[in-house]
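Survey of secondary and tertiary structure
Each chain, written out:
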Amino acid sequence: MKKVMTAALVAIALTANAQEKPKMWYDNIKFSGYGMLQYQGQDKEDAESNTFNLRLARFILDGKIGDVDWRAQIQGTNVKGPGEPTVQLVDLYAEWRKYPEFKVRAGQFKRAFTYENPTNPITQGWYAYADVINKLSGFGDRTGEKSSGGRDIGIQVQGDLFPNSNGRRLFHYQVGVYNGEGINAKDADNRKDIIGGMWVMPIKGLRIGAFGWTGSRAAIGEKNRYALSAEYDLNEYTFRAEYLHSQGMGSVAALGDKADGWYVFGIVPVIKSKLHAKARYQTYRQDKSWNGHVTEEGNYVGGSKTMYEVGANYYFTKNLQLNLEYARVNDRSIANSDKHNYNFVDVELDFRF
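Model, not experiment: these values are computed from the prediction. (Residues numbered from 1 in each chain as written. Predicted model: local features only at pLDDT ≥ 70, side-chain atom pairs only at ≥ 80, totals over all residues. Heavy atoms only, no water.)

1. Things to note about the overall build of the chain
Of regular secondary structure, the chain possesses 3 helices and 18 strands. Principal-axis analysis of the C-alpha atoms places the extent of the chain at approximately 105 × 45 × 45 Å. Burial status across the chain gives 43% buried among its 353 residues. Long-range contacts, defined here as pairs at least 24 residues apart, represent 54% of the contacts in the chain between residues at least 6 apart. Carbon and sulfur atoms provide 61% of the accessible area of the chain, an area that totals close to 18200 Å². (Helix = DSSP H or I, 4+ residues; strand = E, 2+ residues; numbered from the N terminus. Buried < 20%, exposed > 50% of the residue type's maximum accessible area, 1.4 Å probe, protein only. Contact = heavy atoms within 4.5 Å. Areas by Shrake-Rupley, 256 points an atom, 1.4 Å probe, with all protein chains shown as cover.)

Quick look at the structure:
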């Protein structure tokens, strides 16, 4: 009887092993994405509007091959306006991640500049990135570069150093070399952009850092930028502030060679994991001045745009959220001072899959 039982157990084990499927390369691939539906309205004089909009949709493939992680991401958006959708490849990169102290990423990905730029739109918390991020981080850049979502093609090294007694690392660095032309574009002037950043993390949730960027763009010339950043993000409390400065001619010569801007915001839980309240103050000065000026040709250019924003984000589930936002806008790039101030509202329904 004992021999019979032993033989039966062996047979069961062999059958179970035979039924196990060998792990295939595609078992390490994950498909995900999200969509962002939007309503916006404003009472800007002579430019009133209220419209539904498809902000964007993204389809993402993430995978792993040994010590290398890779990502491919496609985006569809009405970036040119309703009826003129744009579908494009936004991310395609691989990153060697064997050591936390030294990682290497190559391909098309976010530039190593500012805290906000790498933030995912669906987790960023606002109707859009701050104006200064859009204009000085490669979204709709001051240089006239096409909207690139803060991305470029190149290679980057980064790492986290100096773990404390709890294993939490206290210092981060990142340095990248890029074409300097934005996404899906070869280098037009054979001169590369170099972007670097570093930050310290003295306590859990807090990081304080600085970034630098030097490079050029064909037909525009040199661009030199820096950013100073601070953030606290822990237990659903997020506070962030950044200042950006740019030196170098833009696509509009009359704006001169300097621009700057800043933002500060707070997002706090009212009901944990369910309802967040938020407030943001931001300013972008397209010629580093508060008020615009009239050129010799009689054109009014320059001036600042400031927004005072409040709102709330409600999470039906972790994959479905409703974002509400109201802003009072002071736009001094408008020539008529009676038209500087107006109201703006944004409502978004965002979902993940």
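More follows now that the structure is in view.
2. With respect to the pairing of strand S16 (residues 304-317)
Strand direction decides the pairing type here: strand S13 (residues 275-285) and S16, joined by 11 bridges, are antiparallel. Looking at S16, one finds that Ala277 is bridged to Ala312. Bridging between S16 and strand S17 (residues 320-331) involves 12 bridges; their strand directions are antiparallel. In the strand pairing of S17, Thr306 is matched with Asn330. Between S16 and S17, which pair antiparallel and follow one another directly, the connecting turn spans 2 residues. (Pairing = 2+ DSSP bridges.)

3. Focus: the nonpolar core
Ranked by size, the top nonpolar core spans 25 residues in total, and within it Phe113, Val132, Ile133, Ile195, Phe211, Leu244 and Tyr263 carry the most contacts. Elements with a minimum of two residues in this core: helix H3 (131-136), strand S8 (193-200), strand S9 (206-217) and strand S12 (258-271). Here the element with the most residues in this core is S12; it accounts for 4 residues. Not counting chain neighbours up to four residues away, the residues in contact with Tyr263 comprise Glu116, Ala130, Val132, Ile133, Arg240, Ala241, Glu242, Tyr281 and Gln282. (Core = buried A, V, L, I, M, F, W, Y, C linked by side-chain atoms within 4.5 Å.)

4. Details of unusual backbone geometry
The backbone phi angle of Thr114 is positive, close to 75 degrees, even though this residue is not glycine. On the basis of relative accessibility, which here comes to 2%, the residue Thr114 falls in the buried class.

5. Examining the packing of aromatic side chains
Counted under the stated rule, the structure contains 21 aromatic pairs. Residues Phe31 and Phe353 carry aromatic rings whose centres are separated by 6.0 Å and whose planes lie at 40 degrees to one another, so their mutual orientation is tilted. Of this pair, Phe31 sits in strand S1 (residues 30-42) while Phe353 sits in the segment after strand S18 (341-352), placing them 322 residues apart in sequence. Given the relative accessible area of 51%, Phe31 is considered exposed. (Phe/Tyr/Trp six-rings, centres within 6.5 Å; stacked < 30°, edge-to-face > 60°.)

6. Looking at the side chain of Asp187
By the secondary structure assignment, Asp187 is in the loop between strand S7 (169-178) and S8. Using a relative accessible area of 15% as the deciding quantity, one classes Asp187 as buried. Dropping the residues within four chain positions of it, Asp187 is found in contact with Asn179, Glu181 and Lys192.

7. Thoughts on the environment of Ile29
Its place among the elements puts Ile29 in the loop between helix H1 (2-19) and S1. Relative accessible area serves as the criterion here: at 29%, Ile29 is assigned to the partly exposed category. Taking the C-alpha atoms as reference, Ile29 lies 32 Å from Phe162; in sequence the two are 133 residues apart. With sequence-adjacent residues up to four places away left out, Ile29 is seen in contact with Leu61, Asp62, Gly63 and Trp70.

8. Comments concerning the environment of Ile334
Turning to its location among the elements, Ile334 is positioned in the loop between S17 and S18. Overall, the relative accessible area of 16% leaves Ile334 in the buried class. Separated by 30 residues in the primary sequence, Ile334 and Ser304 have C-alpha atoms spaced 9.3 Å apart. Ignoring sequence-local partners within four residues, the contact set of Ile334 consists of Lys44, Tyr300, Lys339 and His340.

9. A closer look at the pattern of salt bridges
Evaluated as defined, the whole model comprises 25 salt bridges. The residue Asp46 makes a salt bridge to Lys339 at a minimum N-O spacing of 2.3 Å. A residue pair is termed long-range when its members are at least 10 positions apart, and Asp46 in the loop between S1 and strand S2 (49-65) and Lys339 in the loop between S17 and S18 qualify at 293 residues. We classify Asp46 as exposed; its relative accessible area is 58%. (Salt bridge = Lys/Arg side-chain N within 4 Å of Asp/Glu carboxyl O.)

10. Some remarks on the layout of surface pockets
The space that makes up the second largest pocket amounts to roughly 630 Å³. Residue lining of the second largest pocket: 28 residues in total, with Arg105, Lys110, Pro118, Thr119 and Gln158 positioned closest to the centre. Of all the secondary-structure elements, those providing two or more residues to the lining of the second largest pocket are strand S3 (68-77), strand S4 (86-99), strand S5 (102-110), strand S6 (151-163), S7 and S9. Sort the elements by how many residues they give to the lining of the second largest pocket and S6 lands first, with 5 residues. For the lining of the second largest pocket, a count of residues per class yields 8 nonpolar, 9 polar and 11 charged. (1 Å grid on protein atoms, 1.4 Å probe; cavity = no way out; pocket = protein on both sides within 12 Å on 5 of 7 lines; lining within 4 Å. Points joined across faces, edges and corners; volume = space filled by probe spheres on them. Nonpolar A, V, L, I, M, F, W, Y, C, P; charged D, E, K, R; others polar.)

11. Brief notes about the pairing of S6
Pairing analysis gives 8 bridges linking S5 to S6, with the strands arranged antiparallel. The partner of Lys110 across the bridge, within S6, is Arg151. Examined bridge by bridge, S6 and S7 share 9 bridges and lie antiparallel to one another. Opposite Gln156, over in S7, you have Gly176 as the bridge partner.

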